[in-house]
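# Observations on the model geometry
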Amino acid sequence: LYFEIKSGQATRNGVFLSCAWIIYHRKNNNKPFEIGHYALFSAIFIFINSAALRWASYRLFGHDYPWFLQSGVAGQYILGAMFQPSNFGVFLLLGLSLFLVEKHISATVFTCLAGILHTTYLLGGAFIILGFQLYLVLDGKIKKAILIGILALLLVTPSVFYAAGNFQPSSSEGFKEAQEFLVKFRLPHHCLPQLWLDWVACLQILWIILSIFLLRKQKELTVILVPFLLGAIFTILQVTTQSNTLALLFPWRISSVLVPLATMIILSEFLSYCNPFISRLKPFVPSV
(Lines give C-alpha, C1' and ligand atoms only; values in the text may rest on other atoms or scores of the structure.)
Protein backbone atom coordinates (compact mmCIF):
# COMPACT_ATOMS: atom_id res chain seq x y z
CA LEU A 1 0.00 0.00 0.00
CA TYR A 2 2.86 2.35 0.87
CA PHE A 3 4.46 1.69 -2.52
CA GLU A 4 1.17 2.29 -4.32
CA ILE A 5 0.65 5.60 -2.50
CA LYS A 6 4.18 6.77 -3.29
CA SER A 7 3.75 5.70 -6.92
CA GLY A 8 0.51 7.69 -7.10
CA GLN A 9 2.22 10.77 -5.66
CA ALA A 10 5.11 10.42 -8.10
CA THR A 11 2.70 10.11 -11.03
CA ARG A 12 0.74 13.15 -9.86
CA ASN A 13 3.93 15.21 -9.51
CA GLY A 14 5.14 13.97 -12.89
CA VAL A 15 1.91 15.10 -14.56
CA PHE A 16 2.21 18.46 -12.81
CA LEU A 17 5.76 18.99 -14.10
CA SER A 18 4.76 17.79 -17.57
CA CYS A 19 2.09 20.49 -17.66
CA ALA A 20 4.77 23.08 -16.90
CA TRP A 21 6.93 21.76 -19.74
CA ILE A 22 3.97 21.92 -22.13
CA ILE A 23 3.31 25.55 -21.21
CA TYR A 24 6.98 26.46 -21.58
CA HIS A 25 7.24 24.57 -24.89
CA ARG A 26 4.21 26.47 -26.18
CA LYS A 27 5.89 29.77 -25.36
CA ASN A 28 9.09 28.70 -27.18
CA ASN A 29 7.46 26.70 -29.96
CA ASN A 30 9.00 28.73 -32.78
CA LYS A 31 12.50 28.72 -31.32
CA PRO A 32 15.26 26.08 -31.59
CA PHE A 33 15.09 23.47 -28.87
CA GLU A 34 17.76 24.09 -26.25
CA ILE A 35 18.26 21.70 -23.38
CA GLY A 36 19.77 24.40 -21.18
CA HIS A 37 16.68 26.58 -21.36
CA TYR A 38 14.40 23.69 -20.39
CA ALA A 39 16.79 22.65 -17.62
CA LEU A 40 16.79 26.17 -16.20
CA PHE A 41 13.00 26.39 -16.40
CA SER A 42 12.65 23.00 -14.70
CA ALA A 43 15.10 23.92 -11.94
CA ILE A 44 13.31 27.19 -11.15
CA PHE A 45 9.87 25.62 -11.34
CA ILE A 46 10.83 22.72 -9.08
CA PHE A 47 12.47 25.14 -6.62
CA ILE A 48 9.34 27.31 -6.50
CA ASN A 49 7.27 24.24 -5.62
CA SER A 50 9.85 22.62 -3.35
CA ALA A 51 9.51 21.89 0.35
CA ALA A 52 12.87 23.62 0.90
CA LEU A 53 11.55 27.02 -0.22
CA ARG A 54 8.38 26.57 1.80
CA TRP A 55 10.40 25.61 4.89
CA ALA A 56 12.64 28.69 4.43
CA SER A 57 9.60 30.94 4.04
CA TYR A 58 8.09 29.59 7.24
CA ARG A 59 11.37 30.05 9.11
CA LEU A 60 11.96 33.58 7.83
CA PHE A 61 8.44 34.99 7.66
CA GLY A 62 6.41 32.67 9.88
CA HIS A 63 4.19 31.56 7.02
CA ASP A 64 4.32 29.19 4.05
CA TYR A 65 3.90 31.79 1.30
CA PRO A 66 5.26 29.73 -1.68
CA TRP A 67 2.36 27.32 -1.12
CA PHE A 68 0.00 29.96 -2.49
CA LEU A 69 1.72 29.78 -5.91
CA GLN A 70 0.51 26.19 -6.36
CA SER A 71 -2.77 26.15 -4.42
CA GLY A 72 -6.13 27.84 -4.87
CA VAL A 73 -8.29 29.95 -2.59
CA ALA A 74 -10.33 28.53 0.31
CA GLY A 75 -7.64 25.98 1.19
CA GLN A 76 -8.21 24.10 -2.08
CA TYR A 77 -5.32 22.42 -3.87
CA ILE A 78 -4.44 19.64 -6.29
CA LEU A 79 -1.02 18.87 -4.82
CA GLY A 80 -0.33 17.98 -1.22
CA ALA A 81 1.59 15.80 1.17
CA MET A 82 -0.98 13.01 0.89
CA PHE A 83 -2.29 11.07 -2.09
CA GLN A 84 -6.03 11.73 -2.01
CA PRO A 85 -8.98 12.16 -4.42
CA SER A 86 -8.41 15.91 -4.74
CA ASN A 87 -5.09 15.14 -6.44
CA PHE A 88 -6.99 14.06 -9.54
CA GLY A 89 -7.51 17.76 -10.24
CA VAL A 90 -4.09 17.60 -11.89
CA PHE A 91 -5.91 16.17 -14.91
CA LEU A 92 -7.82 19.46 -15.26
CA LEU A 93 -4.47 21.20 -15.42
CA LEU A 94 -3.25 18.68 -17.98
CA GLY A 95 -6.39 19.21 -20.05
CA LEU A 96 -5.88 22.98 -20.10
CA SER A 97 -2.20 22.59 -20.98
CA LEU A 98 -2.91 20.18 -23.84
CA PHE A 99 -5.62 22.43 -25.27
CA LEU A 100 -3.20 25.35 -25.36
CA VAL A 101 -1.01 23.28 -27.72
CA GLU A 102 -3.96 22.33 -29.95
CA LYS A 103 -4.50 18.78 -28.57
CA HIS A 104 -8.24 19.33 -28.36
CA ILE A 105 -9.56 15.77 -28.04
CA SER A 106 -6.89 14.66 -25.56
CA ALA A 107 -7.53 17.84 -23.56
CA THR A 108 -11.25 17.04 -23.37
CA VAL A 109 -10.63 13.45 -22.28
CA PHE A 110 -8.26 14.41 -19.46
CA THR A 111 -10.52 17.24 -18.31
CA CYS A 112 -13.42 14.80 -18.04
CA LEU A 113 -11.19 12.19 -16.38
CA ALA A 114 -10.75 14.49 -13.37
CA GLY A 115 -14.52 14.64 -12.85
CA ILE A 116 -14.93 10.91 -13.46
CA LEU A 117 -12.39 10.08 -10.76
CA HIS A 118 -13.57 12.74 -8.30
CA THR A 119 -17.01 14.27 -8.86
CA THR A 120 -16.13 17.51 -7.09
CA TYR A 121 -14.29 18.42 -10.31
CA LEU A 122 -17.36 18.07 -12.52
CA LEU A 123 -18.32 21.73 -12.15
CA GLY A 124 -14.80 23.02 -12.75
CA GLY A 125 -14.46 20.62 -15.67
CA ALA A 126 -17.68 22.00 -17.15
CA PHE A 127 -16.26 25.54 -16.86
CA ILE A 128 -13.14 24.44 -18.72
CA ILE A 129 -15.04 22.57 -21.46
CA LEU A 130 -17.15 25.69 -22.07
CA GLY A 131 -13.89 27.62 -22.45
CA PHE A 132 -12.71 25.07 -24.99
CA GLN A 133 -15.96 25.37 -26.93
CA LEU A 134 -15.93 29.16 -26.99
CA TYR A 135 -12.36 29.12 -28.28
CA LEU A 136 -13.30 26.73 -31.09
CA VAL A 137 -16.40 28.75 -32.01
CA LEU A 138 -14.39 31.96 -32.20
CA ASP A 139 -11.83 30.08 -34.30
CA GLY A 140 -14.56 29.10 -36.76
CA LYS A 141 -14.58 25.42 -35.75
CA ILE A 142 -18.22 25.17 -34.72
CA LYS A 143 -18.59 21.48 -35.58
CA LYS A 144 -15.57 20.62 -33.47
CA ALA A 145 -16.96 22.68 -30.58
CA ILE A 146 -20.17 20.65 -30.72
CA LEU A 147 -18.16 17.42 -30.94
CA ILE A 148 -16.15 18.41 -27.87
CA GLY A 149 -19.37 19.04 -25.93
CA ILE A 150 -20.93 15.73 -26.95
CA LEU A 151 -17.74 13.82 -26.12
CA ALA A 152 -17.57 15.45 -22.69
CA LEU A 153 -21.20 14.59 -21.93
CA LEU A 154 -20.71 10.97 -22.99
CA LEU A 155 -17.63 10.63 -20.80
CA VAL A 156 -19.06 12.09 -17.57
CA THR A 157 -22.67 10.89 -17.81
CA PRO A 158 -22.00 7.48 -16.16
CA SER A 159 -20.32 9.18 -13.18
CA VAL A 160 -23.14 11.70 -12.85
CA PHE A 161 -25.80 8.96 -12.86
CA TYR A 162 -23.78 6.86 -10.41
CA ALA A 163 -23.41 9.77 -7.97
CA ALA A 164 -27.07 10.75 -8.35
CA GLY A 165 -28.26 7.18 -7.82
CA ASN A 166 -26.06 6.28 -4.85
CA PHE A 167 -25.86 9.55 -2.94
CA GLN A 168 -29.32 10.98 -3.33
CA PRO A 169 -30.88 12.35 -0.11
CA SER A 170 -33.29 10.15 1.83
CA SER A 171 -35.44 13.20 2.62
CA SER A 172 -35.44 16.89 1.79
CA GLU A 173 -35.33 17.85 5.48
CA GLY A 174 -32.38 15.57 6.22
CA PHE A 175 -30.57 16.81 3.12
CA LYS A 176 -31.02 20.42 4.18
CA GLU A 177 -29.74 19.69 7.69
CA ALA A 178 -26.73 17.79 6.36
CA GLN A 179 -25.81 20.66 4.05
CA GLU A 180 -26.19 23.15 6.89
CA PHE A 181 -23.88 21.07 9.08
CA LEU A 182 -21.23 20.71 6.35
CA VAL A 183 -21.22 24.38 5.40
CA LYS A 184 -21.47 25.96 8.85
CA PHE A 185 -19.61 23.45 11.08
CA ARG A 186 -17.58 20.88 9.15
CA LEU A 187 -16.19 22.81 6.16
CA PRO A 188 -16.73 26.54 6.73
CA HIS A 189 -13.12 27.33 5.75
CA HIS A 190 -13.80 25.75 2.34
CA CYS A 191 -17.42 26.86 1.93
CA LEU A 192 -17.80 30.44 3.16
CA PRO A 193 -16.14 33.21 1.12
CA GLN A 194 -16.39 35.60 4.05
CA LEU A 195 -13.92 33.33 5.86
CA TRP A 196 -11.42 32.51 3.09
CA LEU A 197 -11.45 35.76 1.07
CA ASP A 198 -8.46 37.41 2.76
CA TRP A 199 -5.56 39.44 1.35
CA VAL A 200 -3.69 36.28 0.29
CA ALA A 201 -6.72 35.05 -1.69
CA CYS A 202 -6.97 38.47 -3.33
CA LEU A 203 -3.31 38.27 -4.37
CA GLN A 204 -3.92 34.81 -5.83
CA ILE A 205 -6.83 36.18 -7.84
CA LEU A 206 -4.60 39.00 -9.09
CA TRP A 207 -1.98 36.35 -9.99
CA ILE A 208 -4.53 34.63 -12.24
CA ILE A 209 -5.54 37.98 -13.74
CA LEU A 210 -1.87 38.71 -14.50
CA SER A 211 -1.57 35.44 -16.43
CA ILE A 212 -4.74 36.33 -18.36
CA PHE A 213 -3.24 39.74 -19.14
CA LEU A 214 -0.10 38.10 -20.51
CA LEU A 215 -2.29 36.12 -22.92
CA ARG A 216 -4.39 39.13 -23.90
CA LYS A 217 -3.12 39.17 -27.51
CA GLN A 218 -3.57 35.44 -28.01
CA LYS A 219 -6.76 33.67 -29.02
CA GLU A 220 -6.17 31.03 -26.33
CA LEU A 221 -7.15 33.69 -23.79
CA THR A 222 -10.72 32.36 -23.66
CA VAL A 223 -9.53 28.93 -22.46
CA ILE A 224 -8.49 30.48 -19.14
CA LEU A 225 -10.76 33.52 -19.03
CA VAL A 226 -14.03 31.54 -19.29
CA PRO A 227 -13.46 29.24 -16.27
CA PHE A 228 -12.11 32.19 -14.28
CA LEU A 229 -15.17 34.34 -15.00
CA LEU A 230 -17.61 31.48 -14.42
CA GLY A 231 -15.94 30.65 -11.11
CA ALA A 232 -16.17 34.32 -10.09
CA ILE A 233 -19.82 34.63 -11.17
CA PHE A 234 -20.89 31.50 -9.29
CA THR A 235 -18.96 32.68 -6.23
CA ILE A 236 -20.76 36.02 -6.27
CA LEU A 237 -24.04 34.16 -6.75
CA GLN A 238 -23.33 32.00 -3.68
CA VAL A 239 -22.50 35.05 -1.57
CA THR A 240 -25.69 36.77 -2.75
CA THR A 241 -28.03 33.81 -2.25
CA GLN A 242 -26.20 32.14 0.68
CA SER A 243 -27.00 28.82 -1.01
CA ASN A 244 -25.55 25.83 0.86
CA THR A 245 -25.87 23.67 -2.25
CA LEU A 246 -23.80 26.10 -4.29
CA ALA A 247 -21.28 26.44 -1.47
CA LEU A 248 -20.75 22.66 -1.46
CA LEU A 249 -20.22 22.69 -5.23
CA PHE A 250 -17.14 24.86 -4.55
CA PRO A 251 -17.23 27.04 -7.71
CA TRP A 252 -14.04 28.71 -6.44
CA ARG A 253 -12.25 25.36 -6.55
CA ILE A 254 -11.31 26.14 -10.17
CA SER A 255 -8.67 28.45 -8.63
CA SER A 256 -6.72 25.36 -7.50
CA VAL A 257 -6.08 24.74 -11.19
CA LEU A 258 -5.81 28.32 -12.44
CA VAL A 259 -3.27 29.47 -9.82
CA PRO A 260 -0.59 26.85 -10.66
CA LEU A 261 -1.36 27.35 -14.36
CA ALA A 262 -0.82 31.09 -13.86
CA THR A 263 2.52 30.33 -12.19
CA MET A 264 3.57 28.24 -15.21
CA ILE A 265 2.51 30.94 -17.67
CA ILE A 266 4.16 33.79 -15.78
CA LEU A 267 7.41 31.87 -15.29
CA SER A 268 7.47 30.94 -18.99
CA GLU A 269 6.90 34.57 -19.98
CA PHE A 270 9.61 35.77 -17.61
CA LEU A 271 12.21 33.30 -18.90
CA SER A 272 11.35 34.16 -22.50
CA TYR A 273 12.59 37.68 -21.78
CA CYS A 274 15.76 36.20 -20.28
CA ASN A 275 16.52 34.00 -23.32
CA PRO A 276 18.95 36.50 -24.91
CA PHE A 277 20.97 36.58 -21.70
CA ILE A 278 20.83 32.79 -21.32
CA SER A 279 22.02 32.36 -24.91
CA ARG A 280 25.21 34.24 -24.04
CA LEU A 281 26.04 31.43 -21.63
CA LYS A 282 26.32 28.83 -24.42
CA PRO A 283 29.75 27.58 -23.27
CA PHE A 284 27.98 26.51 -20.04
CA VAL A 285 24.52 25.69 -21.46
CA PRO A 286 24.45 22.72 -23.85
CA SER A 287 21.98 22.80 -26.74
CA VAL A 288 20.80 20.41 -29.47
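Reading guide: rules and limits
- Residues numbered from 1 in each chain as written.
- Predicted model: local features only at pLDDT ≥ 70, side-chain atom pairs only at ≥ 80, totals over all residues.
- Heavy atoms only, no water.
- Axes fitted to C-alpha atoms, helices over the stretch in contact; angles between N-to-C directions.
- Helix = DSSP H or I, 4+ residues; strand = E, 2+ residues; numbered from the N terminus.
- Parallel < 35°, antiparallel > 145°, perpendicular 65-115°, else oblique.
- Left-handed = near helix turned anticlockwise from the far one by under 90°.
- Contact = heavy atoms within 4.5 Å.
- Nonpolar A, V, L, I, M, F, W, Y, C, P; charged D, E, K, R; others polar.
- 1 Å grid on protein atoms, 1.4 Å probe; cavity = no way out; pocket = protein on both sides within 12 Å on 5 of 7 lines; lining within 4 Å.
- Points joined across faces, edges and corners; volume = space filled by probe spheres on them.
- Expected span 1.5 Å × (residues − 1).
- Buried < 20%, exposed > 50% of the residue type's maximum accessible area, 1.4 Å probe, protein only.
- Arc of directions from axis to C-beta.
- Salt bridge = Lys/Arg side-chain N within 4 Å of Asp/Glu carboxyl O.
- Patch = residues over 30% accessible without salt bridge, like charges linked within 9 Å, V, L, I, M, F, W, Y side chains within 5 Å.
- Areas by Shrake-Rupley, 256 points an atom, 1.4 Å probe, with all protein chains shown as cover.

This next bit is on the packing of helix 6 (residues 122-138) against helix 12 (residues 221-241). Packing of helix 6 against helix 12 brings their axes to within 8 Å, and their N-to-C directions diverge by 135°. By the angle class used here, helix 6 and helix 12 are oblique. Crossing hand, helix 6 versus helix 12: right-handed. Residues Phe127, Ile128, Leu130, Gly131, Phe132, Leu134, Tyr135 and Leu138 of helix 6 form the contact with helix 12, whose participating residues are Thr222, Val223, Val226, Pro227, Leu230, Gly231 and Phe234. Partitioning the contact of helix 6 with helix 12 into residue classes produces 12 nonpolar, three polar and no charged.

As a further point, take the side chain of serine 86. Inspection of the secondary structure assignment puts serine 86 in the loop between helix 3 (51-61) and helix 4 (90-100). The residues touching serine 86, leaving out its near neighbours within four places in the chain, are Tyr77, Ile78, His118, Tyr121 and Arg253.

Let's shift gears to empty space enclosed by the protein. Applying the stated criterion across every chain, the model contains two cavities of 30 Å³ or more. There is about 50 Å³ of room inside the largest cavity. Tallied by class, residues from the lining of the largest cavity come to six nonpolar, two polar and one charged. Taken together, Ile23, Arg26, Lys27, Leu215, Ile265, Ser268 and Glu269 make up the lining of the second largest cavity. Those elements that place two or more of their residues in the lining of the second largest cavity are helix 1 (2-27) and helix 14 (255-279). Here the lining of the second largest cavity is composed, by residue class, of three nonpolar, one polar and three charged.

Moving on, we get to helix 5 (residues 104-117). Helix length check: helix 5, at 14 residues, gives a terminal C-alpha distance of 20 Å against a target of 20 Å (1.5 Å per residue), a fit within 8%. For helix 5, the complete set of buried residues consists of His104, Ala107, Thr108, Thr111, Cys112, Ala114 and Gly115. Buried residues along helix 5 cover an arc of 145° about the axis, so they all sit on one side. Summarising the contacts, the buried residues of helix 5 are in contact with helix 4, helix 6 and helix 7 (142-166).

Our focus in this paragraph is the pattern of salt bridges. In total, this model carries six salt bridges according to the counting rule given. Note that arginine 26 and glutamate 220 form a salt bridge whose closest N and O atoms lie 3.4 Å from each other. Of the two residues, arginine 26 sits in helix 1 while glutamate 220 sits in the loop between helix 11 (199-214) and helix 12, which places them 194 residues apart along the sequence. Arginine 26 sits in the buried class, given a relative accessible area of 19%. In this structure glutamate 220 comes out as buried when scored by relative accessible area, which is 12%. A salt bridge links glutamate 269 to lysine 27; its shortest N-O distance comes to 3.1 Å. Of this pair, glutamate 269 sits in helix 14 while lysine 27 is found in helix 1, placing the two residues 242 residues apart along the sequence. According to the relative accessible area criterion, glutamate 269 is buried, its value standing at 7%.

On the surface, a nonpolar cluster with roughly 790 Å² of combined accessible area is contributed by Leu60, Phe61, Tyr65, Trp199, Leu203, Leu206 and Ile209. Every element with two or more residues in the nonpolar patch is listed here: helix 3 and helix 11. Here the nonpolar patch takes four residues from helix 11, the largest share from any one element. Within the secondary structure, tyrosine 65 sits in the loop between helix 3 and helix 4.

Geometric descriptors of this kind do not, in isolation, establish any biological role.
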